[in-house]
Structures are given as C-alpha cells and as structure tokens.
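# Survey of secondary and tertiary structure
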Amino acid sequence: MKILVINCGSSSLKYQLIDMVTKNPIGKGLVERIGLQGSVLTHRTGSGEKVVIKDEISNHTVAIKLVLEALVSPEYGAVQDLKEISAIGHRVVHGGEKFSTSVIIDDAVMEALKDCIELAPLHNPPNIAGIKACQKMMPGVPQVAVFDTAFHQTMQPDSYIYGLPYEYYEKYGIRKYGFHGTSHKYVSQRAAILLRKPLEELKLISCHLGNGASITAIKGGKSIETSMGFTPLDGLMMGTRSGTLDPAIVTYIQCRENYNCEQINDFLNNKCGALGVSGVSSDFRDIEVAAAQGNYRAKLALDIFEHDVKLFVGSYAAIMGGVDAIIFTAGVGENAPNTRAGICSNMDYLGISLDLEKNKVRSEEVDVSKADSRCRVLVIPTNEELMIALETLELTQ
Ligand code: ADP
C-alpha cells in the first residue's frame, strides 16, 4: 500500500509517497514559487537521485498535476500507475476545537476547515487549496486531514484558557491550541517503544526544537500542556519568533515604532527570537559558530534558548508530578549535542544524568542518558510525514 503525503504552503508544496510496508518514502520533493516567476519542482527518487523540473506552476492544481506526473515518470517515477496510490494524507495546520483527531475529508469537513481559516489565515487557505487540487486530480481517492493542533485537544481548560474575559474565548475562540502535535505524538509513541513501556504509563516531556520550537507535557500518551498558544508565536524564544513576552511590550513597541497590526505581527514573527538577540542569523548553526568566536550576543541567544527550555521542562515536570523521559527532536534537538548538554546540565533534581559520549549523536534514535539516570534522555528524529501516512492508513483501511 502506498500513501501520498501533502504539505501545502502558500507558495510551496512538499510531498512524500510512502510505501507502508517498508515505511520509507519511494519518491518525494518540493514545489517552490507556486504562482510566481521561476517556479520549480525538485523531485527525489527513493534512492535519492535528484530531478529538477522548471515549469510555469500557476496554482496548486498545476503543482499537484506535475507532482503526479513525476511520481509516474518511467525514468524517475515511483509507481507505474496512479492507481497504486491508495490514499492521500494532508497536513492541516489548524483544526480549532472542531478536530481532536485526524479525519477523512468529506463536504462537511471541508466546510469545517473553512470555518478554521480565521484562526490560521496564513496557513489554512493553502492547506485547503492543496486538498481541492488533489480532489480534482485524483477523484475517488480517499483523503485525510491531519491537524497540527489535534493532539493538544486533550488539554484541560485550566491549561488552555487565558486570563482574559471568558467571553473572548466564546466569541473569538481565543484559547491555547498548541502546534507541532503530529511531531509530539510521533516521538512520544517512539519513546514508548524505545523505553519498552506502555505509553499510558509514561510521563514524557517532548522538546521539538527546530526553527519553530515547542515543548509538550505528555502524560499517559495525552498532551496536557504545551508551550505554543493561540498561535505558534508563543512559548520558547525561536529562530525568528519572540516567544512569550510581557504582553505590554507589544503595545509599547507598536506605539514607539509606529507599527500597524500587520507590521507588529511581522516584527514579532520574523525579526525577533535568536535572530533579533544575536544579530547574526536565525540559524542555530551560524549562531553556534559566532558564539564560539566570542560573539557576546550569539552566546546570549544560545543561553536564553537553553534557559527557556529548562524553564518549561521544570514546570512540566511539576504539573505531571515527575518525568520519566525527555525527548529531543527536530533540527536543533536532533543535531545539536552542545545545546542538549546545556539544557540537561544541573538537572540532577529531576534525576537527569546525560552520557556525554552517547550524546554526540546526530539524527539517530538513541537513549543518550547514563545507565543509572532516573529520567531517560532520548534523541528521536521526528517524522511528521510518516505519522500523517500512518493516520491516513488507519482511517482509510
Ligand atoms: P523547521 O522545520 O521548524 O523549519 P527544523 O526542524 O528543520 O526547522 O530545524 C531547523 C533548525 O535546526 C535550524 O535553526 C538549524 O540551524 C538547526 N540545525 C540543523 N542542524 C544543526 C546542527 N548540526 N547543529 C545545530 N543546529 C542545527
């Protein structure tokens, strides 16, 4: 059985065709600059061979058509016939309170997805465009929506209601939703396998540390608290996002800099975080290099990031009444041993004892804590595409 996974952005589209027997991609790629000049499809075969297809890609339907043509190409395709693709799984950023699990897409779901647009005006419209394009190009093939927010719908009101008039929750849906749910769910399931314990018995803290970063407390397999909030701007300081601030700072900067709503939003999302503090880059690799060369602000950005993660880990252990394992995933979590070591230092009170030798790994599924560490420390490469494919398989089988 083969499942196509689609992740649509406003001008980009990522895809993977996954063989559900081996769980490996047999073809994958990226369409960039959809609707713009210079649009291009970069396709990779199962063995990693790269094919670049330059064409006019005016919208998501044209993009999907090109992707499907690439997947059946006699030269570099992955299947002989599109009939071999049994279902399509779509990443959808925001499912609001309507969706607490993945769902098979029908007309009622499409209507509900449109209702969620106002919660994620930048992300949900391209997700919907991708679904419509697939419905047009692959009629009759079941399609599933997998939401970034769904995993966090198990949070209780004392976690997700803000200190605002309750009417704002009722009127505008302002509450904590949380994001990266597909990743947190995937790594927590892998952690249970690695630890050889039922997920229902585990208290886990999952640290998804990439360009966007979030931390989730997972008790008995359920998300009970997470660092991102109403939007993915909240929580940890990230590559370019500020993370949690005193809310008064927002209006203060807005007045001082004469920013309108759009400008302050752009500022907080794209010009702050590690980029703003370091003045060097939003990429943690560049920041590490600059810090090693003695750049004070780069070192400060790394210190703030580690400090933020420690704060969340400590508070999440407090609300769960302990922690059995901490999981590191995503770009920084999987690849930055120094950052992991910094975060795990002075955490004896939680029973964390990192094995510095084992911790040298990158992008491997490994327990990097010492044999006698009461709390395990796990590096688990995330695989959101596989998780989307697995959920699609479960619903469509
Ligand atoms: P996103 O999916 O949110 O764009 P990723 O999970 O791909 O982000 O993570 C990107 C981040 O991971 C970048 O800041 C990058 O610097 C960081 N990263 C990748 N490799 C390394 C590495 N070897 N050391 C430190 N950071 C790394």
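Preceding this section is the structure that the text describes.
Residues numbered from 1 in each chain as written. Predicted model: local features only at pLDDT ≥ 70, side-chain atom pairs only at ≥ 80, totals over all residues. Heavy atoms only, no water.

## Section: the sheet that holds strand β1 (residues 2-8)
Strand order across the open sheet formed by eight strands is β5-β4-β3-β2-β1-β6-β8-β7, with mixed pairing between neighbours. In the strand order of this sheet, the two ends are held by β5 (50-54) and β7 (103-104), each with one partner. Summarising the sheet, β7 and strand β8 (residues 143-147) pair through two bridges and their orientation is antiparallel. Its bridge partner being in β8, I104 is matched across the sheet by V144. Across the face of the sheet, helix α3 (residues 124-137) comes into contact with β1, β6 (85-92) and β8 while running at roughly 165° to β6. Strand contacts of helix α14 (residues 384-396): β1, β2 (13-19), β6, β7 and β8, with the helix running at about 125° to β6, the strand carrying the most contacts. (Pairing = 2+ DSSP bridges. Helix = DSSP H or I, 4+ residues; strand = E, 2+ residues; numbered from the N terminus. Contact = heavy atoms within 4.5 Å. Axes fitted to C-alpha atoms, helices over the stretch in contact; angles between N-to-C directions.)

## Side note on the environment of I104
The topology assignment puts I104 in strand β7. Measuring from C-alpha to C-alpha, the distance between I104 and A145 comes to 6.4 Å, with 41 residues separating the pair along the chain.

## A few points about the packing of aromatic side chains
Here the distance between the centres and the angle between the planes together describe a pair of aromatic rings. One pass over the full model with this rule turns up eight aromatic pairs. Ring geometry for Y160 against Y169: centres 6.1 Å apart, planes inclined by 50°, an arrangement best described as tilted. Here the two residues Y160 and Y169 agree in accessibility, since each one is buried. Aromatic side chains Y166 and Y169 sit 5.4 Å apart centroid to centroid with 70° between the ring planes, which places their arrangement in the edge-to-face category. Of this pair, Y166 and Y169 both sit in helix α5 (residues 166-172), separated by three residues, roughly a single helical turn. Through pairs of rings, three or more aromatic residues link up here, namely Y160, Y166 and Y169. The ring of Y168 carries the charged tip of K171 above its face, separated from the ring centre by 5.5 Å. Positioned above the aromatic ring of Y160, the side-chain terminus of R175 is 3.6 Å from the ring centre. (Phe/Tyr/Trp six-rings, centres within 6.5 Å; stacked < 30°, edge-to-face > 60°. Buried < 20%, exposed > 50% of the residue type's maximum accessible area, 1.4 Å probe, protein only. Lys NZ or Arg CZ within 6 Å of the ring centre and 35° of its normal.)

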